Protein chains: 2
Amino acid sequence: MKDLSKYGIVSALQAIGGKWKPHILFILLEKGTKRFGELSGLMPEITQGVLTQQLRELEKDGLVNRVVYQEIPPRVEYSLSTHGKTLEHILSNMCAWVYHTGNL
Amino acid sequence: MKDLSKYGIVSALQAIGGKWKPHILFILLEKGTKRFGELSGLMPEITQGVLTQQLRELEKDGLVNRVVYQEIPPRVEYSLSTHGKTLEHILSNMCAWVYHTGNL
DNA sequence: CGGAATCCGTTTAGATACTG
DNA sequence: CAGTATCTAAACGGATTCCG
């Protein structure tokens with residue numbers, strides 16, 4: 001546990017710390033590639049506008065891949081990038097922690 | 001990895017997910033009990049107002065203990081609660097992840 | 001003096017409606 | 001279907017003020 005902690009954890013949170021980002025990442029980790037509508041259905045609490053925005057930020061940070069198929073109807077698929085997959089431990093730990101605490 | 005993940009991670013984020021909360025928790029974990037001024041000095045990026053607010057929320061969620069000494073000058077000490085200490089793995093993993101990615 | 005409350009501007013998130 | 005547009009509400013940031 002080094003003293004990069006000071007800024008390390010800050011910058012980690014900038015990538016992960018959007019209000020819904022861990023949830024999005026967790027779903028992509030658990031269930032693999034998903035299209036926009038599926039994600040939206042799996043997280044009905046998030047409005048489309050916010051979902052779009054959070055996905056774009058995750059894409060910008062290199063954690064998710066976004067693939068657009070130029071079809072009618074349109075199709076856009078999201079998946080974890082290699083980099084995003086390195087978050088697996090963190091995400092499952094967070095999940096385990098909640099389970100342990102019992103606050104649902 | 002169970003399907004409580006759906007809401008589990010959401011509620012975890014409500015407790016941990018304030019913009020500065022992981023940073024605060026990490027410092028308290030690493031360095032033990034700290035008074036307000038020390039925390040403020042260790043995190044100069046956070047304004048006092050926001051720091052106060054985040055600490056109060058952490059207290060409300062049972063993750064930190066807040067002890068007020070009725071003295072002149074006043075003294076307020078913060079420390080991780082037992083519950084807060086269960087976050088250790090998550091926090092150090094987050095730190096390790098940033099180190100691994102190299103994005104500072 | 002340390003810790004925090006207040007006022008106010010900016011940034012981020014939520015709700016709803018609408019379009020290529 | 002997968003967004004954008006718009007508007008409102010909540011969270012954050014900066015400075016100042018307050019109180020024991």
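A brief structural summary. The model shown is predicted, which means the values in this text are computed figures rather than measured ones.

On to the protein's contact with DNA strand D. Taken together, 19 residues lie around DNA strand D, and A:Arg35, A:Gly37, A:Gln48, A:Arg66 and B:Trp20 are the ones closest in. Sugar plus phosphate, as a fraction of atoms of DNA strand D within 4 Å of the protein: 73%. One nitrogen or oxygen atom from the side chain of A:Arg56 is found 3.1 Å from a phosphate oxygen belonging to DNA strand D. Here a phosphate oxygen of DNA strand D and a side-chain polar atom of B:Gln54 are 3.2 Å apart.

For any pair of aromatic rings, the description rests on two quantities: the centre-to-centre distance and the angle between the ring planes. Inspection of every chain in the model, using the stated rule, returns 0 aromatic pairs over all chains. A cation sits over an aromatic face here: A:Arg75 above A:Tyr69, 4.0 Å from the ring centre.

Time to look at the protein's contact with DNA strand C. The local shell around DNA strand C holds 19 residues, among which A:Trp20, A:Gln53, B:Phe36, B:Gly37 and B:Arg66 are the closest. Backbone atoms, meaning sugar and phosphate, form 73% of the atoms of DNA strand C found within 4 Å of the protein. Between DNA strand C and B:Gly37, the relevant distance is 2.6 Å, taken from a phosphate oxygen to a main-chain nitrogen or oxygen of the residue. At 3.3 Å, a backbone N or O of B:Pro74 approaches a sugar or linking oxygen of DNA strand C. Of all the elements in the fold, those that place two or more residues in the surface near DNA strand C are helix H4 (48–60) of chain A together with helix H3 (36–42), helix H4 (48–60) and strand E3 (75–80) of chain B. Here the surface near DNA strand C is built from residues that sort into 8 nonpolar, 6 polar and 5 charged.

Rules of the game
Residues numbered from 1 in each chain as written. Chains lettered and ligands numbered in written order. Predicted model: local features only at pLDDT ≥ 70, side-chain atom pairs only at ≥ 80, totals over all residues. Heavy atoms only, no water. Near = heavy atom within 4 Å. Polar contact = N/O pair within 3.5 Å; in protein donor to acceptor, adjacent residues only side chain to side chain. Phe/Tyr/Trp six-rings, centres within 6.5 Å; stacked < 30°, edge-to-face > 60°. Lys NZ or Arg CZ within 6 Å of the ring centre and 35° of its normal. Helix = DSSP H or I, 4+ residues; strand = E, 2+ residues; numbered from the N terminus. Nonpolar A, V, L, I, M, F, W, Y, C, P; charged D, E, K, R; others polar.

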